[in-house]
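Topology and contacts: notes
What follows is the residue order along each chain.
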Amino acid sequence: MQFFRVAGALTKSGSYDLPCCWVGSHLKINRPQLEKWLEDKSDGVTDFKTSYLLEKIKTNTPHKGRKRKIR
């Protein structure tokens, strides 16, 4: 997560292009824009780390909203 803080600070200064915004001292990143940004950064062959990160984000994020009632 340190990467995102550094990339967010660089984006704030204008030297990087991470899709984020700062609210006070909190870094806010829009998940759909982050996934699109990671897909754009990776070409599928050379840069496998961003593909790996994208897969980890999709598999490890919990479902939003409350759980369904079991009847």
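In what follows, the accompanying structure is described. This is a predicted model, so every value here is computed, not measured.

**Side note on the overall build of the protein**
Check the secondary structure of the protein and you find 3 helices and 2 strands. Helices (α) and strands (β) of the protein occur, in sequence order from the N terminus, as α-β-β-α-α. Across the 71 residues in the protein, those meeting the buried criterion constitute 21%. Total accessible area on the protein stands at roughly 6200 Å², and carbon and sulfur atoms take up 56% of it.

**Details of helix α2 (residues 31-41)**
When α2 is considered as a whole, its buried residues turn out to be Leu 34, Glu 35, Trp 37 and Leu 38. Down the axis of α2, the buried side of the element spans an arc of 160°, and every buried residue falls inside it. Opposite the buried face of α2, by more than 90 degrees, sit the exposed residues Pro 32, Lys 36 and Asp 40.

**A few points about the packing of aromatic side chains**
Within this structure, the stated rule accounts for 1 aromatic pair. The ring centre of Trp 22 lies 5.4 Å from the NZ or CZ of Lys 12, which sits over that ring.

**Describing the pairing of strand β2 (residues 26-29)**
Of the pairings in the sheet, the one linking strand β1 (residues 20-23) to β2 comprises 4 bridges and is antiparallel in character. If you follow Cys 21 over to β2, its bridge partner there is Lys 28. Where β1 folds back on β2, the antiparallel hairpin that results is connected by 2 residues, among which Gly 24 adopts a positive phi of roughly 65°.

**Side note on the nonpolar core**
Phe 4, Ala 7, Leu 18, Leu 27, Leu 34, Trp 37 and Leu 38 form the largest nonpolar core, which has 7 residues in total. Examining the composition of this core, we find that 3 residues originate from one element, α2, more than from any other. Contacts of Leu 27, omitting those with residues within four sequence positions, involve Phe 4, Arg 5, Gly 8, Cys 20, Cys 21 and Trp 22.

**A closer look at the environment of Gly 8**
As for its position among the elements, Gly 8 is in helix α1 (residues 2-13). With a relative accessible area of 0%, Gly 8 lands in the buried category. C-alpha separation for the pair Gly 8 and Cys 20, spaced 12 residues apart in sequence, amounts to 6.6 Å. Beyond its immediate sequence surroundings of up to four residues, Gly 8 is in contact with Leu 18, Cys 20, Trp 22 and Leu 27.

About the cut-offs
- The residue count restarts for each chain, going from 1 along the sequence in the order it is written.
- Given that this is a predicted model, residues contribute local features only at a pLDDT of at least 70 and side-chain atom pairs are listed and counted only at 80 or more, while totals for whole chains, interfaces and linings are drawn from all residues.
- In computing side-chain properties, one takes all heavy atoms of the structure into account and sets aside hydrogens as well as water.
- In this text, helices come from DSSP runs of H or I with a minimum length of four residues, and strands from runs of E with a minimum of two, each type numbered from the N-terminal end.
- Buried, partly exposed and exposed residues are distinguished by accessible area as a fraction of the type maximum, computed with a 1.4 Å probe on protein chains only: under 20%, between the cut-offs, and over 50%, respectively.
- Calculation of accessible area relied on Shrake-Rupley with a 1.4 Å probe; when residues are assessed, cover is drawn exclusively from the protein chains displayed.
- When we speak of the arc, we mean the arc of directions from the helix axis to the C-beta atoms.
- Note on ring pairs: Phe, Tyr and Trp rings are taken, using the six-membered ring of Trp, and paired if centres are within 6.5 Å. Classes follow the plane angle, with under 30 degrees stacked, over 60 edge-to-face and the rest tilted.
- A positively charged side chain is recorded as over a ring if its NZ (Lys) or CZ (Arg) lies within 6 Å of the ring centre. The angle to the ring normal must also be within 35 degrees.
- Paired strands, as defined in this entry, are two strands with at least two bridges between them according to DSSP.
- Buried residues of nine kinds, namely Ala, Val, Leu, Ile, Met, Phe, Trp, Tyr and Cys, make up a nonpolar core once their side-chain atoms join them within 4.5 Å.
- Two residues qualify as a contact provided that any one of their heavy atoms is within 4.5 Å of a heavy atom in the partner residue.

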